[in-house]
Amino acid sequence: MAAELHSDLAIRPVPRDIKAVSNVASEERRHKHSRSSYSEASPLTSRNNSLTFRPAKRPMPTPNKTIAVINASGRQAASFIRVATAVGYHVRAQLRNLEGVVATEVATNPNVTTAQVDVTRNGPISGIGVNHALISELFRGAQLAFINTTFYGDELKIGEALADAAKKAGIQHYVYSSMPDHAAYNKDWPSLPLWANKHKVEEYIKQIGLPATFVYTGIYNNNFTSLPYPLFCTELQPDGSWIWQAPFHPDVKLPWLDAEHDVGPAILQIFKDGVKKWGGGKRIALAYEMLSPKEACEVFSRGVGRPVRYVHGPIEIKVTIPEGYRSQLEALEELFGLGHDDPKKQPPYFGDRELEKSCPKVALELWEGPRGLEEYAREVFPLEEQANGLTWMLDEGDGGGGGAGGGGGNNPTRNGHAPHMNGYITTLAQIGLDSDADDDDDDEGLVMRGVKRDDEEWLA
């Protein structure tokens, strides 16, 4: 039954006096460039504008499928859950805990059923073994799955167990967030330890015949921070400018992605297109910009309105970091150091040159509204920095400064609490850390506390 149309606005009668009509027409002509003909002053009562006429909404079918998701408070998963539930999908989401605004957002979403359990818990000890009971329950009643494993626990065993359970449950489309093992493409290239296991999980998924799609995410825009975290630290200078130092060749293009903004819509479109288009083990490079480090700095500078200079150099480690991450950084520096003198020798970020050549064309087929690095730097970066206790965005004209508490930007804490951003942390995301990893409180250094997701990975 069509909705009853009505309007609370008074309907202005058409003037009966010819002179009045003439005056109205004259007034309309005089103001035709100064106001809209849809304005309150218009004598035309039949305008179907948004204030006077709302046609009945076209009925939209509600998706009747359930999607299984793990590590639901990570950037990739949270981005996906927002868009999937917004269009009516139901999500079965695994969370380690309900601390922080992102976990709370997921847990209070009416289209989400949460399981607050650790996928690595086997008995009383977290981080050891595989929670097979949880994994089996995760896929119960689900038809689709978006899976992003992390290096918390034994990622390979967990990834294999998830794939086995998904196949047993009859999952119709399994989208796995993978990354390359560079040594598999060239024996002279070192493996990045935090990526190699993802590659092995991908190979296992293919081996058991799951109807799967593999997505490779580019470098997260959100990696940049003026806090002293290694690899993506934009070090604030006394004059208010920044320096970004990294081992990537300054002129070799790298793939970039705003994970929070763009992963969700892209993954949703993969599911909507289905396995007929994206199944059979297809790999998709999710990156919406290909920028060299020098270009990235130029783009970032335009967005934030301050000079940003790239320095081609070693990774500087100024804070205590977990040993596993240190190994990843050492391997990364070795891998991308191969092109130190000759840019043609630098291995492609995704390992496969053909996959990299597909950027950003294929990603844009999935989602046409990405948030680029310049837009991120202009609209989001200052907010994340301020949430992390930094003040440079408030100290214009003071020559920079701008660290936490007005210092030089090198204090990672504020009032005794660690940095956070609306439940996320400023991270060193996908450059080997997979920005959705969960943390163990026993890790030394950079264990985040405060409004952020307590008891979760500082690399999350």
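Labelled according to an unreviewed UniProt entry, the protein appears under the name NmrA-like family-domain-containing protein, originating from Chaetomium strumarium.

A. Helix 7 (residues 259-273), seen in detail. Between its first and last C-alpha, helix 7 extends 21 Å over 15 residues, near the 21 Å set by a 1.5 Å rise per residue. Buried within helix 7 we find A259, D262, V263, G264, P265, A266, I267, L268, I270 and F271. Immediately beyond the C-terminal end of helix 7, within one or two residues, lies G274, with a positive phi of roughly 85 degrees.

B. Spatial organisation of the environment of Y325. Inspection of the secondary structure assignment puts Y325 in helix 10 (residues 323-336). According to the relative accessible area criterion, Y325 is buried, its value standing at 2%. Along the sequence, Y325 and F151 sit 174 residues apart, while their C-alpha atoms lie 9.9 Å from each other.

C. Quick peek at helix 6 (residues 193-208). Taking 1.5 Å per residue, 16 residues should reach 22 Å; helix 6 reaches 24 Å between its end C-alpha atoms and fits that length. Those residues of helix 6 lying buried are L194, W195, A196, K198, H199, V201, E202, Y204, I205 and I208. Tucked inside the fold, the buried residues of helix 6 contact helix 5 (155-169), strand 5 (173-178), strand 6 (212-217), strand 11 (282-286) and helix 10. Positive backbone phi, at 80 degrees, marks G209, one or two positions downstream of helix 6.

D. Region of interest: the pattern of salt bridges. Applying the stated criterion to the full structure yields 22 salt bridges. The salt bridge involving R283 is made with D352; its shortest N-O contact spans 2.6 Å. Of this pair, R283 sits in strand 11 while D352 is found in the loop between helix 10 and helix 11 (353-357), placing the two residues 69 residues apart along the sequence. Overall, R283 belongs to the partly exposed group, its relative accessible area being 27%. Assessed through its relative accessible area of 16%, D352 is described here as buried. In this structure, the salt-bridge partner of R378 is E379, at a minimum N-O distance of 3.7 Å. The network of salt bridges with shared partners includes R302, E374, R378 and E379.

About the criteria used
Residues numbered from 1 in each chain as written. Predicted model: local features only at pLDDT ≥ 70, side-chain atom pairs only at ≥ 80, totals over all residues. Heavy atoms only, no water. Helix = DSSP H or I, 4+ residues; strand = E, 2+ residues; numbered from the N terminus. Expected span 1.5 Å × (residues − 1). Buried < 20%, exposed > 50% of the residue type's maximum accessible area, 1.4 Å probe, protein only. Contact = heavy atoms within 4.5 Å. Salt bridge = Lys/Arg side-chain N within 4 Å of Asp/Glu carboxyl O.

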